[in-house]
Each structure stands twice: as structure tokens, then as C-alpha cells.
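Chain by chain, the residues:
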Amino acid sequence: MLRVAAISLLLGAAALIVGLTQFFPPQNTAGEKVSAIAWNADTAMVTVGTPTFIDNALQLELDSSGAGMVTLAAGAFDAGNFAFLHLALEQSASTVGASILWTNARNPQDSKSYTIETSEREALWLSTEELRGWSGEIDTVSLRFSGRAGDTVQIRDFSLFPASATRQLLAIKSDLMAYSPWNVAAMNTFTGAFNSASFYPVVLAVALLVLSLLAYGLLLLLLRTRLQFDPAVVVLIFFASWLILDMFWQRRLLHQLVDTHHLFAGKSTEEKLAVGPDAKLYSLVAHTKPLVEAADARVFVVSSDHYFRMRTAYHFLPLNTYWANYGPALPPKKSLRTGDYIALINPSQFSFDRQRNMVVAPQRQGLRAELVFSDQTGTVVRLK
Amino acid sequence: MDIVPTTLALLLPLLLGGLWLNLGMPAPLPARTALVLGNGTLIGLLLIPQFMWGLDLVGVPLSFVATGLLTFTLIIVAIALHLARGTRAPAMLTPDPSAFASMPTSHQMLFIVLLCLLVLRCITLGLEVLWRPLFPWDATMHWATKAKVWFEFRSMVPFVENDVWVSLGGENVFTDRHPDYPHTVPLLQVWMNLAIGRWDESLMNLPWLLCLVAMGCAFYGQLRVAGASALIAMGFTYMLLSMPLINIHVALAGYADLFLGATYCAALMAFHNWLTTRCRAQGLLAAFFAISCMLVKGEGIPWAFTFIPALLLTVGKQYKSVKLAILASLGALLLLVLASKNPAVIAQFLRTVTEFHADGLTGTLQAVFLHDNLHLLGYVIMAAIALGLTIPGTFTKTYLGISVALACAVGMFLFLFLFTVFGAGASSFTGVARLCIQLAPGLLFLGAMLCNDILVRARMNRRQS
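Note that the coordinates shown come from a computational prediction; the quantities given were computed from them, not determined experimentally. (Residues numbered from 1 in each chain as written. Chains lettered and ligands numbered in written order. Predicted model: local features only at pLDDT ≥ 70, side-chain atom pairs only at ≥ 80, totals over all residues. Heavy atoms only, no water.)

With respect to the pairing of strand β11 (residues 152–161) of chain A
Residue and element names in this part refer to chain A. β11 sits mainly inside the fold: eight of its ten residues count as buried. Where strand β3 (residues 57–61) meets β11, four bridges bridge the pair, whose relative direction is antiparallel. Its bridge partner lying in β11, Leu58 is registered against Ile155. Looking at chain direction, strand β6 (residues 84–91) and β11 are connected through eight bridges and run antiparallel. The residue bridging Leu89 from the neighbouring strand is Ile155, located in β11. (Buried < 20%, exposed > 50% of the residue type's maximum accessible area, 1.4 Å probe, protein only. Helix = DSSP H or I, 4+ residues; strand = E, 2+ residues; numbered from the N terminus. Pairing = 2+ DSSP bridges.)

Here you go:
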């Protein structure tokens, strides 16, 4: 039973590989074979940041505003000729963001970009078919980085390749191994794929499952004198497909665990919050709370950003906090009183006029207040 | 220094539920240890917040000592009853090596591999919980908000809507996005923080890991009671505990969906095994978990009421008075819950009904069959149901009860996302997958039993031929 299931799965996997490369090949508009546009650190143009050359690698130090940009020396080319892009990047900080930019040869003002979603960039294959706007004649292709001043990125490869079955499989492998840290939508859904992926992992797993079952059917047909139908084989094939899919998920969990450990392990709650995703909001609240005079003081949190006002309100607890999910950001003036605190979190339609010591907003009466604390994240005032 | 109080806070629910359940469960049961510990832990995790709520109601400040003493007293009583029964009382930990030993070597190896993978998964998720502070959206919007305030004031200070808060000037009331949400999940976080003695945004989420492990143990145990082999039970337990969105709800703890999924599944499993074995303990378990669904999250109310049609269609004439008593109790409880929330809730709900939401259907199908929320669960269930239909009497007799309950639940789920304003939660993927994890464990339990039946029939047919 185990042997038959294993053979069926192997045949199914082989059929899947053949099926993907033969029936879902990447677009290839090149009539003849086109040479790859290979990375050459010497000819690459650094337009932002400071380059250092190490063999064929280019180490780019981001500038004072945390920006960096490198353009591939390619000349204009037909986007359809290059179905795959390969990146090999090493970053000094995992927080450095990277995007691919390209401009249209006919209209250089028309530039498109794709923000690289995965943090796994050491050997990343991307299918250009999945990059929205990758079409027509392309004039320039660049890599743009954003991070902190002084962050470095080592570019070991940034090349374009024509279509091939091997590269297609490598791109699918990159899709399956892709990873990015948890975000605020993680609780709601897990698609398993980024926007640049060619296939959802579940689709590949179901394809493997169906092809393996068909392979089992074929084995039963060909070896009907020696082999009888056993539903246990079907169950095993289902289970193996689940297990294979789950191994990619387990890998992602372990990668996330490394990131979580790096960021939070060994810290107290306050230290974790000070470095976590709400670090700036928490810092504002942590500075403000000791300045709140009354234990039963009321705190009103206003911001145009729903997430910011919700999280700031949470961090202000257990002070008696108010934030509006819908409707007016603040209750009417008659419901406010002296001693109330208002946290104005950027961006906000409300602002504090330091000249007049007043909280102002369009189409609202001003509120006399005194400054309690202010930083880049926002301003906290106390009503007078 | 936190290890001792944290361990104690996690151990007390296990001992409370486990010891009392051990008294009620019959002795010779396959996988009895897993059954008792799993279901017992879930009982404890659900009961302790109710103790805290009850003590607060009579004016006792929230404290680890007060609730712990009450819990400890009940544990001592359970131990005393065990001692009183002497040799007639079954041991709580009764490993059954014979089930494992009787498996072929290849099956044993697969069993161990799956167990190791599960241990790895639990360790991965456990470390994530231990290191990460509270993260998810709704947790900081209306679950942990209550926990933080109640922990600070050592009292269940009332939460009200924004407009009520404004009209009262915030005097002795707080406000958050959903002030009427049940108290069970926030009180679990309060319980953990009371044990530690301070607000700790990581340790307070350990009950989510405990819930996952308990759900897995209960799932395994109940499958074995239902007749599944050890390997099949372990295989499906692995599938249950490996679903990505269920894992995410542990790693990014703070929501109530996992607890509701575990509670509803526990109710379904106990209900099915009560129908097939008429074991009183299973019946009581089913009733307890069904009612507890309503104490975990709002969706728990309709899930709890799926047992009404299931009961009506399955239990025989001789249990008419039992049926009526249960129906009356559930009806009274529903009225109580509705009255405590908003008497106009039914009218409010009717206003949310819309015409068919095509986007809602697309979103739902994508969430189940395209996205990796639940791995291949949708396909497994479809295949199991299709194959189950080939066995006469599967859904009309053998699995009538659990099938009716789940069919009602799935029907309500689909109605919610296809014919109400909540369809936006499906088209934008903000709610549909989360509701799926409330039903997924129960559906997988049914799928597991169908799969086991198919395999057993095939083995019997082979032996006969």
C-alpha cells in the first residue's frame, strides 16, 4: 500500500512538472533565442546611494534619507522576451524595502513598479508575467531601496532571462518558499501566495493530488491482475498532498519565529512594545501617561488613520479612553470638560495651534487647551 | 520567576476539568487519557472565567487567590471522590500501549512521525506566543481592552457604546468597539495576569496554546471512541492542528474564534458519541460545550442552536421529556442572552438581510478552496461526503445527528455571507476565513469518521473476498 501510494505520488509529481511546463508555459514572444541581460556590477548605474564593488557584487549604502537606486545596463528591450527576473540580494537589515521599477521606452514618464513582497531575496526568481504593467518596450529597469541611512544592500545578481522550463520551476519554487512577517491582516486570511506568484500553493497541491490519483488509476489499469483498488492508497495520497503543503507552511512559521526571536526575545512587555509595530505610538503614550494628573482622567484619541487611533487608545488603557470608530472624531464641545486629554495622532484633521493654545479643526469650534507632550507621532493636550 | 505562577494558572483548568471528567467517563475507553485531558482542559478554560464572573457578581474583587481557591476546592473535592471510590475510580492517566503495539511497524513509524511534527508545531507556536506581545487588530479593539481595564480595577467594570459613554460622561464606565462581547476570553487573559501579578502581553496569551493542544487531544480521543484506528485518529489530528489559520490564531493570540471552534467541535464530538454509545458523560459534555459556545462569542449562539434540529431528528420517542427539557432550557437561555444584549437584536439582524451577494459567494469559495487558510480541508470534506454517500444510511442513520447540526451551521454560515451585509466580510476576506475556523474542526471530525468507515468497509470486503 505504501509503495503503491509512493509510486502514484512520484508519477503525479512528474506529471505535474510536465503539465506546468508544457501546458502553462510562460509567455515567450521571442522568435529566436534571446540572450539573458546579465548583471554586471561595473556597468550598473547607481543613481542614489554610495556604491562599493566587491568582485561582481555591488554593495550599496543607502543615503541620508535611507534611499538607494541601481539601474541595470540593458538598453531598451521587448518585455515579452524576458519572462523571468533573478535577484540575489543581501541586506544589512531585514527592514530594507526593495522595489523593481521600469519605464516605458515610448513614454519615459510612465513608470511602473513592483514592491518585492518576500523577505527571501538571496536567490529570488520572479515571473515577469505576474508584474502588472510589464509589457511593451521597456527602457530602463531599476532596483529601488528604502530603509535607514547607512543600511547596506549587496546586489550579487539582478538579471533578466528568457523563458525556459527550468526557470519556470525555479520561479514556482521561489513562490512556495516566499516569506514575509505577520501583518495586521494575518488573522483574517492566509492566501499562501504573494501577488507575484504564478500559482496558489493549494492549486499546486490539488493538482498533485488529482494527478497522483490518476496515476493510481493508471497503475490499477495496467496491473489489474496484481493490484486491487485500496481506498487506503487514496487516503494516503490525500494525506501526503496535505503534508507536502504543510511543510512549506512549517518552514514559514520557523522563519517567522527567527524574526520574532530577533525582535522580542528576552524583553519585558514595555521593551517589546517599544520595538514592536506600534513603537512610535507606544512611545507617545509612554511619555504622556506619567503626565496625566488624575487617575480618572478621560482621554480622547483622534486621528484620520483608523489603526492609529484604535492602537493608541488601547495603549492609553486603563485610563478611560474614547475613540470613534465611525462618526465624529470628538463628541460635541458641551460633552467635553476641563481636564480632558486629547491625543492628536498624525495624520489628523485636528491640530494644536500653539500660538492660540487651541485645538482646531475645520467646521468645529476651537477648544482651549495646553500642551502636554508632542513628538513626530502626535500631540497630546489637556483641555482648559 | 513567572514560571511557577504561569504553570499554576495553566494547570488549574486542566486539573479542574480533567479530574471531574475522569469521574464521569467510563473506564474502558480507547485513548481515555487524551479524551479526559483534552476535554477536561477545555472545560477548565471555559469554567474559570465563569467563576471569576460569578465572584465579581457577588462583589468579590477579581483575584487569583479567590478564583484559585474556589478552583482548588473543587479539585480537592474531585480528588476526594476519587479516593472514596477507591479501586473503582479509573486513573486519569491510563496510557493504552496495546493500541500502538498492535499496529504494523510502518504504521507505528508514521504515527511517531506525525506526533513529532505536532510537537514541533506546538513548540513553534508556543515560542511565538511567549515572545510576541499582543498583536492582532480585534484583540486591541474589543477583547484585550476589557482584560486590561478589568485587571487594573480588579473588577468587571461595565463597557458601553460610545454614545452611552458620552452621555454618562464616562463615569464608572468604559467604552470600546464591541462592549457587549462575552466576557470569557478577556477573563482568561485577566486570570493569567492575576497569576503573574502584572500585565504581561505575552504570558497572558498562553491559554490559546493550551486550547490548541486540548482541542487536539480531545479530537484524537473522541475519534478513537468513535471507532477510528490510532493511525487514522492521529492523521486527522495532525490535519486539524496544522491548518494555517488555526495556527495563526494561536501565534497571534487574542481572538475568540479558536476557542469557539474548539468548543463547538467538542460539543459535536461528544454529541455524536453520546448518540452512538448513550454514555451519560458524553451527553453532559455535549450539553456543557453547546451552552458554552454562547459564552465565547456571538456566533456561538447560532452554533449552539444547531443541536436543536439535530436532537429533534435523532433522539427516540422514549427521550421525549429529555428533549423537551433540553429545548426549554436552550430556549430560556436564548431569551436570557438576547435580553441581556439588546432586545431589538432580531429586528437589527433582519435589517442586515440583502439580496444575493455574488461577491460573497466568490470570496467564500476562494477562502475555502483557493487560499491556504485550511490547507486542503474543503477538498477532503467534499471527497469524504461523496464517498460517504456510497455507504447506505451514512447520513440518514449513522451520522444523522452530527450531519444535521453541521448542515444547519454551514447553512447559516452561507446565509450570513451570501444574503446579508456581512457578505462584505467574504468579498474582502476580513471575516469569512475566521468563521471557517469555527466550523472546520467539526467538519473535519465528520470527515475523519467517514474516511474511517470507508477504510473499515474496504478491509472487511477484502477479508470476505
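After that view of the structure, there is still more to cover.
Looking at the sheet that holds β11 of chain A
Pairing between sheet strands relies on hydrogen bonds along the backbone, with the strands arranged either parallel or antiparallel. All names here are of chain A. Taken together, five strands build an open sheet; the order of strands is β2-β3-β11-β6-β9 and the sheet is antiparallel. Of all the strands in the sheet, the pair left with one neighbour each is β2 (50–54) and β9 (124–127). Pairs of neighbouring strands in the sheet enclose a mean axial angle of 30°, with direction left out of account. Examined bridge by bridge, β2 and β3 share five bridges and lie antiparallel to one another. (Axes fitted to C-alpha atoms, helices over the stretch in contact; angles between N-to-C directions.)

A short note on the interface of chain B and chain A
Chain B puts 74 residues into the contact, and the matching count from chain A is 65 residues. Taken together, the two surfaces of chain B and chain A that pack against each other cover about 6400 Å², and 68% of this comes from carbon and sulfur. Summed over the three residues of chain B that lose the most area to chain A, namely Trp131, Trp137 and Leu376 of chain B, the buried surface amounts to 12% of that side. Our count for the contact surface shared by chain B and chain A stands at three salt bridges. Among the ionic pairs, Arg337 of chain A bridges to Glu171 of chain B, the shortest N-O distance being 3.6 Å. Our enumeration of links across chain B and chain A arrives at 32 residue pairs in polar contact (both at pLDDT 80 or more). The residue inventory of the side of chain B that touches chain A, partitioned by class, reads 44 nonpolar, 18 polar and twelve charged. (Contact = heavy atoms within 4.5 Å. Buried area = accessible area lost by both parts, 1.4 Å probe. Salt bridge = Lys/Arg side-chain N within 4 Å of Asp/Glu carboxyl O. Polar contact = N/O pair within 3.5 Å; in protein donor to acceptor, adjacent residues only side chain to side chain. Nonpolar A, V, L, I, M, F, W, Y, C, P; charged D, E, K, R; others polar.)

A few points about the confidence of the model for chain B
With 92% of its residues at a pLDDT of 70 or more, chain B shows a mean pLDDT of 91. Model confidence for the complex: the whole-complex pTM is 0.93, and ipTM, which rates the interface, is 0.94. (pLDDT = per-residue confidence, 0-100.)

Let's talk about the sheet that holds strand β17 (residues 367–374) of chain A
Residues and elements named next belong to chain A. With mixed pairing, seven strands are arranged side by side in an open sheet as β13-β12-β14-β18-β17-β16-β15. Where the open sheet ends on each side, the last strands, each with one partner, are β13 (320–323) and β15 (351–353). Shown here is a sheet whose adjacent strand axes are inclined to one another by a mean of 40°, direction ignored. Pairing analysis gives three bridges linking β15 to strand β16 (residues 358–360), with the strands arranged antiparallel. Looking across to β16, one finds that Asp353 is bridged to Met358. Across the sheet, helix α7 (residues 306–316) lies against β12 (298–302), β13, β14 (341–345) and β18 (378–383), angled at about 170° from β13, the strand it touches most.

A word on empty space enclosed by the protein
Within this structure, the stated rule accounts for five cavities of 30 Å³ or more. Volume-wise, the largest cavity comes out at about 80 Å³. Lining the largest cavity, in full, are Asp175, Leu176, Phe190, Gly192, Pro201, Leu245, Phe248, Trp249 and Arg252 of chain A together with Asp372 of chain B. Counting residues per element, the ones that place at least two in the lining of the largest cavity are α2 (165–177) and α4 (231–264) of chain A. With four residues, the single largest contributor to the lining of the largest cavity is α4 of chain A. Residues of the lining of the largest cavity, tallied by class, amount to six nonpolar, one polar and three charged. (1 Å grid on protein atoms, 1.4 Å probe; cavity = no way out; pocket = protein on both sides within 12 Å on 5 of 7 lines; lining within 4 Å. Points joined across faces, edges and corners; volume = space filled by probe spheres on them.)

Examining the pattern of salt bridges
The tally for this structure, following the rule as stated, stands at 20 salt bridges over all chains. The network of salt bridges with shared partners includes Asp138, Asp257, Lys297, Glu299 and Arg434 of chain B.

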